[in-house]
Structures are given as structure tokens and as C-alpha cells.
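If you want the building blocks of each chain, they are given just below.
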Amino acid sequence: MQELVRSTDPVLLSRLEVLLREAEILVFRFDSHISGVEGGIGIFPQRLMVGDDDLEQARRLIRAENLGWALYEKN
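Residue positions are given per chain, counted from 1 along the sequence in the order it is written. Predicted model: local features are reported for residues with pLDDT of at least 70 only, side-chain atom pairs are reported and counted for 80 or more only, and whole-chain, interface and lining totals are derived from all residues. To obtain the side-chain values, all non-hydrogen atoms of the structure were included, while hydrogens and water were left out.

K.L.:
Help me get a handle on the environment of leucine 16, residues and values and all.
P.N.:
Under the DSSP-based scheme used, a helix requires at least four consecutive residues in state H or I and a strand at least two consecutive residues in state E, with every element numbered from the N terminus. Its location among the elements puts leucine 16 in helix α1 (residues 10-22). The buried label goes to any residue with under 20% of its type's maximum accessible area, the exposed label to any with over 50%, and the partly exposed label to all in between, with areas taken from a 1.4 Å probe on protein chains only. With relative accessibility at 0%, the residue leucine 16 sits in the buried group. In this structure leucine 16 touches Val5, Leu48, Ile62 and Leu67, once residues within four positions along its chain are discounted. Between two residues, a contact is recorded if the distance between any of their heavy atoms is within 4.5 Å.

Okay, structure coming up:
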């Protein structure tokens with residue numbers, strides 16, 4: 001499992017989930033419960049995770065939608 005996107009923007013996360021699911025890429029949203037616990041003020045980012053085998057295809061799809069700026073890149 002690889003981290004694809006980390007964001008506090010629920011609209012962006014939802015858009016990317018739809019994009020990936022339409023391409024039949026299994027995507028999981030991590031940390032959504034902590035965001036609910038903190039009162040919905042949006043200070044804790046949520047993560048979109050995909051399988052190792054789907055990572056490159058998912059990145060290509062996101063870049064094709066001009067959303068490559070949202071991709072999580074490890075330092």
C-alpha cells in the first residue's frame with residue numbers, strides 16, 4: 001500500500017477517489033476518523049492510498065487531470 005495524496009481538502013480527495021474508482025483502481029482513504037474527532041476544522045490531513053501495483057497508473061491519471069500538484073512525494 002502506497003500513499004498517493006495527503007490533503008485537508010475534502011473536495012479534492014473526493015474528486016480523486018471518483019477518478020481512481022472510475023479507472024477501477026482500488027483506493028482507500030486513511031485518517032478520516034481523526035478528522036471527525038478534531039471537530040471538522042480540517043487541521044489533520046487525510047491520505048489516499050493505493051496498492052503498490054496501481055501507484056504509477058494512479059499518478060498518471062492524476063497528472064492527466066492537471067492535479068499532479070496534489071501528489072504526495074516522499075522526500
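Let us keep going from here.
K.L.:
Would you mind going over the confidence of the model for the protein chain in detail, with residue names and values included?
P.N.:
Averaged over every residue, the pLDDT of the protein chain is 90; residues scoring 70 or more account for 88%. Element-level mean pLDDT values for the protein chain span from 71 in helix α2 (residues 32-37) up to 97 in helix α3 (residues 55-64). Known as pLDDT, the predictor's confidence for each residue is given on a scale from 0 to 100.

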